[in-house]
There are 2 protein chains.
Amino acid sequence: MPGLRWMRDYRREWLRGDLFAGLTVGVMLIPQGMAYAMIAGLPPIFGLYSSTVPLLVYALFGTSRHLAVGPVALISLLVNTGVGALAGGDPAVFLAMAILLAMMVGVLQMSMGLLRLGFLVNFLSHPVISGFTTGAALIIGFSQFKHLAGIPLPSTQQLHVLLGALFSQVQQIQGVTLALGVGAIAFILAGRRIDPRLPGPLLAVVAGIAAVHFFSLNDRGVNIIGQIPSGLPRPGIPFFSESLHNLPGGIWGVVQHLAPIALTISLISFMESYAVARAVQRKHRNYEVDANKELIALGAANIAGSFFQAHPTTGGFSRTAVNEQAGAQSGLAAIISAALIALTLLFLTPLFYNLPQAVLAAIILVAVYGLIDLKEVRYLYHNDRRDLVLLAATFLVTVTLGVEAGILAGVALSIADLVYRSSRPHYAVLGAYGGKGIYRNVQRFPEAIEPPNTLILRPDGQWFFANASFWQQAIRENVAARPGTRVVVLDAATISAIDSTGLHSLQDVWEELQRDGIALRLSGLIGPVRDKLEHSGFFDKLGRDHVFMTLQEAVAGRHLSEAAGSGAVRTASRSGHSGLVSPRS
Amino acid sequence: MPGLRWMRDYRREWLRGDLFAGLTVGVMLIPQGMAYAMIAGLPPIFGLYSSTVPLLVYALFGTSRHLAVGPVALISLLVNTGVGALAGGDPAVFLAMAILLAMMVGVLQMSMGLLRLGFLVNFLSHPVISGFTTGAALIIGFSQFKHLAGIPLPSTQQLHVLLGALFSQVQQIQGVTLALGVGAIAFILAGRRIDPRLPGPLLAVVAGIAAVHFFSLNDRGVNIIGQIPSGLPRPGIPFFSESLHNLPGGIWGVVQHLAPIALTISLISFMESYAVARAVQRKHRNYEVDANKELIALGAANIAGSFFQAHPTTGGFSRTAVNEQAGAQSGLAAIISAALIALTLLFLTPLFYNLPQAVLAAIILVAVYGLIDLKEVRYLYHNDRRDLVLLAATFLVTVTLGVEAGILAGVALSIADLVYRSSRPHYAVLGAYGGKGIYRNVQRFPEAIEPPNTLILRPDGQWFFANASFWQQAIRENVAARPGTRVVVLDAATISAIDSTGLHSLQDVWEELQRDGIALRLSGLIGPVRDKLEHSGFFDKLGRDHVFMTLQEAVAGRHLSEAAGSGAVRTASRSGHSGLVSPRS
């Protein structure tokens, strides 16, 4: 249990930082927790419930000492749209489903961690994450106009539906509510300007409550949060919730329907959390963040949380950054944050009676604005147009078909692009450059000269099923374009791997060349490829004197004494095999 | 139109070969066509119809001069199982659907050719094709025991169902039929032993007809083909077939239901045909086989065929091989084959009245036995266990869930494996070997010595979203394992590509190293990667003096005068960009 490690290693000088950071994050969590519960479609108090038990459990199991776990905007949006489609408008069912979802997410994450599936997160590429986050930020942002301006809006994941409703009902804006909301935004932004360490959102909450109280804004149509029950969350087992057992299809029907959204949340929340934990860990280095252990810790936090009325939680970006900057040194900071929330739940909930929902909406808008990633768009425009298309496609699917579809489309497109690119790799025809045994791409260096009757081809990438025929064709075409070719040299250092289809096609190439009386020579093969060629018997067919250590030797057709004779020649010392082939490394 | 080319270039000395080959293939086609129609679940005559128009059209449009188009076993099996599930037992509907399917396959293939999607065929890797073909051969083979031994068998793609039915009804074997079938197999195999050029199947057909005639085997329970209508196929438009328009859902409903099987057949038949066309073309070289033009030609053959009662056809393996061996030189051979079939249809059909179905089953069994690919299993066992797993999985899904599911599973597994392998690539830590600027993997060459305070890492493969964090982690771990490291040298020649996620992570690596006071040097970058690093501004951050042409220079930290100064330095002369970076090629 990683939590025991920081407890055992605890040093007294850490206490100051942990205390200050824990209190700062706790103060952030009060308004954020309530606001994100609102995004999730739940009463604000559940955001506070979600900010107690999960924090304590993560502090014990998590490998990061800085990660601030709790409700986050993106996951709350996923909860809202995922559960909203199934709950059929019944608030009790909605709540029970959100809590059951936390348990399911926890079980999935823990299983993935135990099965060591943390690597899956790699398949969410940078442009996919960026397009998806920007799309989700817009949906969350615009959906808050319901609270910010009092416009009735449908609960939807589709941006065009949201914008349509917004424009068609623009005359329903409640002036006082909007003024309060815009005022709160200005207040938070101004506070951030003055000193980034100011707890702007909390101050906006205090100011909002004061405004409602002194100007009786509640009578002027401003929606307030109203009565909040006080006390800690009641323990209970989400799986035995009565409101779910009474549904047609029973509890197992609900589990089945929630499964896809639970899987999506498991992956996305892990991805967000792991990325921020890693980013912060890099600055410290006195601990390591482990992907699979993180999955187990987040899973434990979600499972335990679900027994205390928490909806799905994960490590959040902004609070983690604040936690680290405020000087947190260990999981004690998170325990202090949770304690502050618990005290709030026990004694301070009556103070939030007059809190206007517009202020929570303002807090959300400021937070999600930071998620809109135009910098990445500009970067990709200049550096990688293919990835820009990927970003744009993910964004468009996200805002039109929804958040889950966006992620799925992005991952599917990434993999399709990987496969397509693998099927038509880059290669270069090389020529001698400067006469010192240096060879260069003749298309980039017109002064590089191809040796007489010799084709030197450098295939850039692996040789496998998706491109085996491409390589065959490339060699065939380049030989055909050079009548009189007697030797083909493959500068094979860049062949990073070869599979059985690749082995078959390399053999085909050799047979074809042999029929035309052309010799094939290989140079610079890396170890794993050398092993495969050795075991398949290809070296025996080709002749070991056609395999060279350097391109220079291959073009000359002569082995240096050093390479040909002595102990320099072996294929796979590790796996116990050994062959008489000039190796590269 | 490639057909015009061989007509224009036609030489008189080709005529002899074309005539002999055309007649040989035509003689093969008579029994094969009838047998494969039987596999498809159609009356034998339709196999002859499918052996006329498609051959003529392919001769005009095809880029191969040797490909023998017509009915093939595998595609017939796909037709049988695909249409059988939809036709509901009505033979007229079954027939109309099989012909409509030919039209749909043709339209799909032609569209794919026009859209230049021929590269898609690359994704059927060698082990997938092998596992799939072996599975299909077993299903076709065992299903023929219905005709070979007179055992009633269900029409199914599932091997265990087939074998179950076979064993449970083994007492229903009709001795005379089985004797005739086994005799025909022995006859064909013996003929092949004596002289491979003997038309064994045709001789077996003649002998079978004679046996039925002289011994009145028909009265002893041997099933014969019976009355075959004579005359050429009647023209008609498959889309307007009355029996399909009268179905619930109408013709569009049928088209929708046939679409998945049409797509499967389009791809598999193209794959089979293209593979054999390419294999034969390699021996000749006086023409080129073009994937996209082949798709168009096969599409045209199927569309035109469907207007003359043909079911889906493609280039077959065995007849193409015979065509080439018999001396075919041009498409004229195929035209002669088609003419022979047409003459048979006009005048010889009454001769087949007494042909026993067991003889056709024997011909099929001999043909599919050759498709069982145990050699590949042995090859993979020794050379590529991962690909063996792929083969086995494809085989198992094919024989349990069916032919289409098998192909799909194989392709999905290939891609998943590609993605998984890409996410954890190979790398090597290098050390100086022998002091002559040669560096080798220290794990393979324990005598290679890592330079003091320097980590030399060679990442084998591209640097992209699926492995960006793997590379970061690999560098981090290897630095951590070598306290006192001051310099990290990436031997980057093996990085075949980099995407935007890779660029971000390379930058992260650099920032991390810099924070620890460790220098990062790159050597041997290939052109396309150099371009990306240049345009992203990474070289400006890293410092151009940290980019080297050779590993030797990078380890020494010194540029050779040749590389640093003169005209040797540029990034992408083709794309008009230029930077002061030492290039590799």
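Residues numbered from 1 in each chain as written. Chains lettered and ligands numbered in written order. Predicted model: local features only at pLDDT ≥ 70, side-chain atom pairs only at ≥ 80, totals over all residues. Heavy atoms only, no water.

Student: An account of the overall build of chain A is requested, with residue identities and associated values reported.
Tutor: For chain A, the helix and strand inventory stands at 26 helices and eight strands. The buried share of chain A, taken over its 585 residues, is 58%. When contacts within chain A are restricted to residue pairs at least 6 apart in sequence, long-range pairs at least 24 apart make up 77% of them. Total accessible area computed for chain A in this model is approximately 23300 Å², and 63% of it derives from carbon and sulfur atoms. Of the charged side chains in chain A, 42 are positive and 34 negative, and the gap between their average positions amounts to 6 Å. (Helix = DSSP H or I, 4+ residues; strand = E, 2+ residues; numbered from the N terminus. Buried < 20%, exposed > 50% of the residue type's maximum accessible area, 1.4 Å probe, protein only. Contact = heavy atoms within 4.5 Å. Areas by Shrake-Rupley, 256 points an atom, 1.4 Å probe, with all protein chains shown as cover. Lys, Arg positive; Asp, Glu negative; His and termini not counted. Charge placed at Lys NZ, Arg CZ, Asp CG, Glu CD.)

Student: Give me the lowdown on unusual backbone geometry, citing residues and values where you can.
Tutor: With phi around 50 degrees, A:Ser216 is a residue other than glycine that occupies positive phi space. Here A:Ser216 lies in the loop between α11 (200-215) and α12 (242-245).

Student: Give a detailed account of the interface of chain A and chain B, specifying residues and quantitative values.
Tutor: The interface of chain A with chain B comprises 82 residues on the first partner and 82 residues on the second. Interface of chain A and chain B: buried area, both sides summed, is about 7200 Å²; carbon and sulfur atoms make up 49% of it. Connecting chain A to chain B are four salt bridges. Across the chain A-chain B interface, the total number found is 13 residue pairs in polar contact (both at pLDDT 80 or more). Here the side of chain A that touches chain B gets eight residues from one element, more than from any other, and that element is helix α20 (residues 403-423) of chain A. Tallied by class, residues from the side of chain A that touches chain B come to 26 nonpolar, 28 polar and 28 charged. (Buried area = accessible area lost by both parts, 1.4 Å probe. Salt bridge = Lys/Arg side-chain N within 4 Å of Asp/Glu carboxyl O. Polar contact = N/O pair within 3.5 Å; in protein donor to acceptor, adjacent residues only side chain to side chain. Nonpolar A, V, L, I, M, F, W, Y, C, P; charged D, E, K, R; others polar.)

Student: Before we move on, could you go through the packing of aromatic side chains and cite the residues and values that matter?
Tutor: Under the defined criterion, the tally for this structure stands at 28 aromatic pairs over all chains. Ring centres of B:Phe46 and B:Tyr49 lie 5.2 Å apart, and the angle between their planes is 85 degrees; this geometry places the pair in the edge-to-face category. Highlighted residues: B:Phe46 and B:Tyr49, both in helix α3 (residues 45-49), separated by three residues, approximately one helical turn. For B:Phe46, a relative accessible area of 9% puts it in the buried group. Put simply, the rings of A:Tyr427, A:Trp463, A:Phe470 and A:Trp471 pair up and form one aromatic cluster. Its end group placed over the ring of A:Tyr381, A:Arg385 keeps NZ or CZ at 4.1 Å from the ring centre. Between the NZ or CZ atom of B:Arg440 and the centre of the ring of B:Tyr433, over which it lies, the distance is 4.0 Å. (Phe/Tyr/Trp six-rings, centres within 6.5 Å; stacked < 30°, edge-to-face > 60°. Lys NZ or Arg CZ within 6 Å of the ring centre and 35° of its normal.)

Student: Go over the relation of the copies chain A and chain B with me, naming the residues and quoting the values.
Tutor: When chain A is fitted onto chain B, the two copies agree to an RMSD of 0.1 Å after a turn of 180 degrees and an axial shift of 0.0 Å. Given the turn and translation reported, the copies of this chain are related as if by a two-fold rotation axis. When C-alpha distances to the rotation axis are compared across chain A, the minimum falls at A:Thr494, with a value of 2.3 Å. Comparing interface residues between copies, 100% of those in chain A also lie at the interface in chain B; the contact surface is shared. (Least-squares fit on C-alpha atoms with pLDDT ≥ 70 in both.)

Student: Can you tell me about a positive patch on the surface, naming the residues and giving the values?
Tutor: Together, A:Arg5, A:Arg116, A:Lys293 and B:Arg424 give the surface a local cluster of positive charge. We classify A:Arg5 as partly exposed; its relative accessible area is 46%. (Patch = residues over 30% accessible without salt bridge, like charges linked within 9 Å, V, L, I, M, F, W, Y side chains within 5 Å.)

Student: If you had to explain the sheet that holds strand β5 (residues 454-460) of chain B to someone new, which residues and values would you point to?
Tutor: Residue and element names in this part refer to chain B. Read across the sheet, six strands follow the order β4-β3-β5-β6-β7-β8 without closing on themselves; strand pairing throughout is mixed. If you trace the sheet from one side to the other, it starts and ends with β4 (439-441) and β8 (547-548), each paired once. Both β5 and strand β6 (residues 487-491) contribute to a ladder of four bridges, which runs parallel. Bridge pairing in β6 places Ile-456 opposite Val-489. (Pairing = 2+ DSSP bridges.)

Student: Could you give me a rundown of the side chain of B:Gln109, with the residues and numbers involved?
Tutor: Residue and element names in this part refer to chain B. Positionally, Gln-109 belongs in helix α6 (residues 91-114). By relative accessible area, Gln-109 is classed as buried at 0%. Among all residues touching Gln-109, those that are not within four sequence positions of it are Ile-265, Ser-266, Ser-269, Phe-270, Leu-295, Ile-296, Leu-298, Gly-299 and Asn-302.

Student: A description of the sheet that holds strand β4 (residues 439-441) of chain A should follow, citing residues and the corresponding values.
Tutor: Residues and elements named next belong to chain A. An order of β4-β3-β5-β6-β7-β8 is seen for the six strands of this open sheet, with the pairing classed as mixed. The sheet terminates laterally at β4 and β8 (547-548), the two strands that pair on one side only. Bridge count between strand β3 (residues 426-432) and strand β5 (residues 454-460): five bridges; the pairing is antiparallel. The residue of β5 that forms the bridge with Val-429 is Leu-457.

Student: Could you give me a rundown of the confidence of the model for chain A, with the residues and numbers involved?
Tutor: Residue and element names in this part refer to chain A. Across chain A, the average pLDDT comes to 87, with 95% of residues at or above 70. Ranking the helices and strands of chain A by mean pLDDT puts strand β1 (residues 69-70) first, with 96, and helix α26 (residues 561-564) last, with 46. Low pLDDT, under 50, characterises residues 561-585; the predicted model gives this stretch 83 contacts beyond four residues in sequence or across chains. Overall fold confidence for the complex sits at a pTM of 0.71, while the interface term, ipTM, reaches 0.72. (pLDDT = per-residue confidence, 0-100.)

Student: Before we move on, could you go through a nonpolar patch on the surface and cite the residues and values that matter?
Tutor: Among the surface-exposed residues, A:Leu232, A:Leu343, A:Leu346, A:Phe347, A:Leu348 and A:Leu351 lie close enough to one another that they form a single nonpolar patch of about 580 Å² accessible area. As for its placement among the helices and strands, A:Leu343 is situated in helix α16 (residues 332-348).

Student: Before we move on, can you summarise helix α15 (residues 317-325) of chain A with the specific residues and values?
Tutor: All names here are of chain A. Three or more residues of α15 are buried, namely Arg-319, Thr-320, Asn-323 and Glu-324. Projected down its long axis, α15 shows its buried positions confined to an angular sector of 135 degrees, all on one face. The exposed set on the far side of α15, more than 90 degrees from its buried face, consists of Phe-317 and Gln-325. Phi turns positive, to about 100 degrees, at Gly-327, one or two residues after α15. (Arc of directions from axis to C-beta.)

Student: I'd like to hear about the environment of B:Val397, residue by residue, with values.
Tutor: Residues and elements named next belong to chain B. Tracing the sequence through the fold places Val-397 in helix α19 (residues 385-401). When the C-alpha atoms of Val-397 and Gly-410 are compared, they prove to be 8.5 Å apart, with 13 residues separating the residues in sequence. Residue contacts for Val-397: discarding those within four places in its chain leaves Gly-402, Ala-405, Gly-406 and Ala-409.

Student: How would you sum up the pairing of β5(B)? Please name residues and give values.
Tutor: Every other side chain in a regular strand lies on the same face of the sheet, so the side chains alternate between the two faces. Residue and element names in this part refer to chain B. Counting buried residues along β5, seven of its seven residues qualify, which places the element largely inside the surrounding structure. Burial along β5 is two-sided: Thr-454, Ile-456, Arg-458 and Asp-460 and Leu-455, Leu-457 and Pro-459, pointing in opposite directions, are all buried. For the handedness criterion, the β-α-β arrangement of β5, helix α21 (residues 468-480) and β6 is classed as right-handed. (Right-handed = clockwise from strand over helix to strand, strands pointing away.)

Student: Describe the nonpolar core, and please don't skip the residues or the numbers.
Tutor: Within the largest apolar cluster, 108 residues are counted, with the highest numbers of intra-cluster contacts made by A:Leu100, A:Leu101, A:Leu258 and A:Leu355. Broken down by element, the residue count for this core peaks at 14 residues, all from helix α13 (residues 250-281) of chain A. Those residues in contact with A:Leu355, other than ones at most four positions away along the chain, are A:Met34, A:Val205, A:Ile209, A:Asn223, A:Ile224, A:Ile225 and A:Leu360. Within the second largest apolar cluster, 105 residues are counted, among which are B:Ala40, B:Leu42, B:Phe94 and B:Ala204. (Core = buried A, V, L, I, M, F, W, Y, C linked by side-chain atoms within 4.5 Å.)

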